[in-house]
Amino acid sequence: MRTAVDRFLQHLRVERNASELTIKSYREDLSALADYLAEARDGPCPKPGEITVLELRGYVAALHEAGYANTTISRRLASLRSFFRFGQREGWTKANPAKPLRNPRKSRSLPHFLSSEDLGRLLGAPPSGQPSGLRDRAILETMYSAGLRISELVGLVDSDLDFDAGVVRVRGKGRRERLAPIGSYASRALLRWLKARRLSPEEPSDGQAPVFTNKFGRRLSTRGVARMLEKYLRQTGLDTRTTPHSLRHSFATHLLDRGADIRSVQELLGHRSLVTTQIYTHVSTARLDRNGRG
């Protein structure tokens, strides 16, 4: 089997142009299977054509018993399917014994969000008497008001802002664009920040300047936003599970709590599938269960 694995990895490297990190993952996954089979058979590892579905089921059961996460098990199964599919093409095996195996169910946890009260505490934390505080307040207000991903926030440029219409143009996943609302609080916070902002000479100033910048006047990074949020969480004593994405979750949850249509929320969030948005209906249901229905 070791020879077959080496040929498969060479195929990934040469014909699929896979990265070294991808090849390393495949090697580790297939080596783990080889080690398991050798131990289970109490002898040398079998050839690919000799491996049975039953043995692979035993391998998956062993992974579960060892406490591996479902995502890890799913990735290892994907590696096995690719390996045996290549083996069929090469003539090492007549069938793909990994094909009948089903991935473990994904356990989808409910997204963390802030209550209206906690959100108010967070938004009021940045100091208004200094430029960094004005910027931080504008970031928090904009992320919540428009339901932005952190990458969408740091990617904003001046021409994306339309204060008259109360919207911001957002470049989302897959280069899809959408218009997102910015309420009066976010608009005022943005205008105060833009008056205080100092741009680096290296940044464009023809409408393509980054809306949010660091202390050097250059575009703020996603890590910079995360560090900023961590600082205010410590100051306010709010839940440390809160991340920049929690503000987006809060935006969606609060909209649904106030009676918004789920398809409207889907459009505002830029979700391609309604299934992705429906997780927030589960959040609202869970809250009703905790607080008591009726």
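In this text the structure is predicted, and so the values were computed from the model without any measurement.

Caption draft 1: Structural detail: the overall build of the chain. Within the chain, the secondary structure is distributed over 13 helices and three strands. Whereas a compact globule of 294 residues would reach a radius of gyration of roughly 19 Å, the chain reaches 25 Å, over 25% beyond that. Oriented by its inertia axes, the alpha-carbon framework of the chain measures out at about 75 × 60 × 35 Å. For the chain, long-range pairs separated by at least 24 residues make up 58% of all intrachain contacts whose partners lie at least 6 apart in sequence. Looking at the chain as shown, the accessible area adds up to about 16600 Å², and 49% of this sits on carbon and sulfur atoms. Side-chain charges of the chain comprise 50 positive and 31 negative groups, with the mean position of each set lying 1 Å from the other.

Caption draft 2: Representation of the packing of aromatic side chains within the structure. Tallying each qualifying case throughout the model produces seven aromatic pairs. Note on Phe 8 and Tyr 26: the rings are 5.5 Å apart at their centroids and 80° apart in plane angle, and the pair reads as edge-to-face. Linking Phe 8 in helix 1 (residues 2-14) with Tyr 26 in helix 2 (residues 20-41), this pair joins segments that are 18 residues apart in sequence. You can call Phe 8 buried: its relative accessible area is 1%.

Caption draft 3: Quick look at the packing of helix 10 (residues 244-257) against helix 11 (residues 262-269). Helix 11 packs onto helix 10 with a crossing angle of 160° between their chain directions and a minimal axis gap of 10 Å. Relative to helix 11, the element helix 10 lies roughly antiparallel. Crossing of helix 10 against helix 11: the hand is right-handed. Residues Arg 248, Phe 251, Ala 252, Leu 255 and Leu 256 of helix 10 form the contact with helix 11, whose own contacting residues are Ile 262, Val 265, Leu 268 and Leu 269.

Caption draft 4: Expanded view of the packing of helix 3 (residues 53-65) against helix 4 (residues 70-90). Helix 4 packs onto helix 3 with a crossing angle of 155° between their chain directions and a minimal axis gap of 10 Å. It follows that helix 3 is roughly antiparallel to helix 4 by the angle criterion. Like other packed secondary-structure pairs, helix 3 and helix 4 cross with a definite hand, here right-handed. Here helix 3 contributes Leu 56, Tyr 59, Val 60, Leu 63 and His 64 to the contact with helix 4, which in turn contributes Asn 70, Ile 73, Arg 76, Leu 77, Leu 80 and Phe 84. For the contact of helix 3 with helix 4, a count of residues per class yields eight nonpolar, two polar and one charged.

Caption draft 5: The arrangement of the side chain of Arg 197 in detail. Its place among the elements puts Arg 197 in the loop between helix 8 (184-196) and helix 9 (222-236). A polar atom in the side chain of Arg 197 sits 2.8 Å from the backbone oxygen of Pro 210. Once residues lying within four places of it in the same chain are set aside, the contact partners of Arg 197 are Asp 158, Ala 209, Pro 210, Val 211 and Thr 213.

Caption draft 6: Just the pairing of strand 2 (residues 167-171), in detail. Two elements, strand 1 (residues 161-162) and strand 2, share two bridges in a ladder whose sense is antiparallel. Paired with Leu 161 across the strands is Val 168, a residue of strand 2. Relative to strand 3 (residues 177-181), strand 2 is paired through five bridges, and the arrangement is antiparallel. Looking across to strand 3, one finds that Arg 171 is bridged to Glu 177.

Caption draft 7: Main features of the pattern of salt bridges. Tallying each qualifying case throughout the model produces 16 salt bridges. Measuring nitrogen to oxygen at the nearest pair gives 3.5 Å for the salt bridge that ties Arg 76 to Asp 29. Note that Arg 76 is positioned in helix 4 and Asp 29 in helix 2, a separation of 47 residues in sequence. Considered together, Arg 76 and Asp 29 belong to a single accessibility category, that of buried residues.

Caption draft 8: Here's a closer look at the nonpolar core. Within the largest apolar cluster, 43 residues are counted, with the highest numbers of intra-cluster contacts made by Leu 122, Ile 139, Leu 153, Val 168, Phe 212 and Val 225. Here this core takes six residues from helix 6 (residues 131-146), the largest share from any one element. Counting 27 residues, the second largest nonpolar core, distinct from the first, contains Val 5, Leu 80, Phe 86 and Ala 98.

Caption draft 9: Quick look at the sheet that holds strand 3. The antiparallel open sheet is built from three strands, whose spatial order is 1-2-3. The two strands at the open ends of the sheet, each matched to only one other strand, are strand 1 and strand 3.

Criteria and thresholds
- Residues numbered from 1 in each chain as written.
- Predicted model: local features only at pLDDT ≥ 70, side-chain atom pairs only at ≥ 80, totals over all residues.
- Heavy atoms only, no water.
- Helix = DSSP H or I, 4+ residues; strand = E, 2+ residues; numbered from the N terminus.
- Rg over C-alpha atoms; globule rule 2.2 N^0.38 Å.
- Contact = heavy atoms within 4.5 Å.
- Areas by Shrake-Rupley, 256 points an atom, 1.4 Å probe, with all protein chains shown as cover.
- Lys, Arg positive; Asp, Glu negative; His and termini not counted.
- Charge placed at Lys NZ, Arg CZ, Asp CG, Glu CD.
- Phe/Tyr/Trp six-rings, centres within 6.5 Å; stacked < 30°, edge-to-face > 60°.
- Buried < 20%, exposed > 50% of the residue type's maximum accessible area, 1.4 Å probe, protein only.
- Axes fitted to C-alpha atoms, helices over the stretch in contact; angles between N-to-C directions.
- Parallel < 35°, antiparallel > 145°, perpendicular 65-115°, else oblique.
- Left-handed = near helix turned anticlockwise from the far one by under 90°.
- Nonpolar A, V, L, I, M, F, W, Y, C, P; charged D, E, K, R; others polar.
- Polar contact = N/O pair within 3.5 Å; in protein donor to acceptor, adjacent residues only side chain to side chain.
- Pairing = 2+ DSSP bridges.
- Salt bridge = Lys/Arg side-chain N within 4 Å of Asp/Glu carboxyl O.
- Core = buried A, V, L, I, M, F, W, Y, C linked by side-chain atoms within 4.5 Å.

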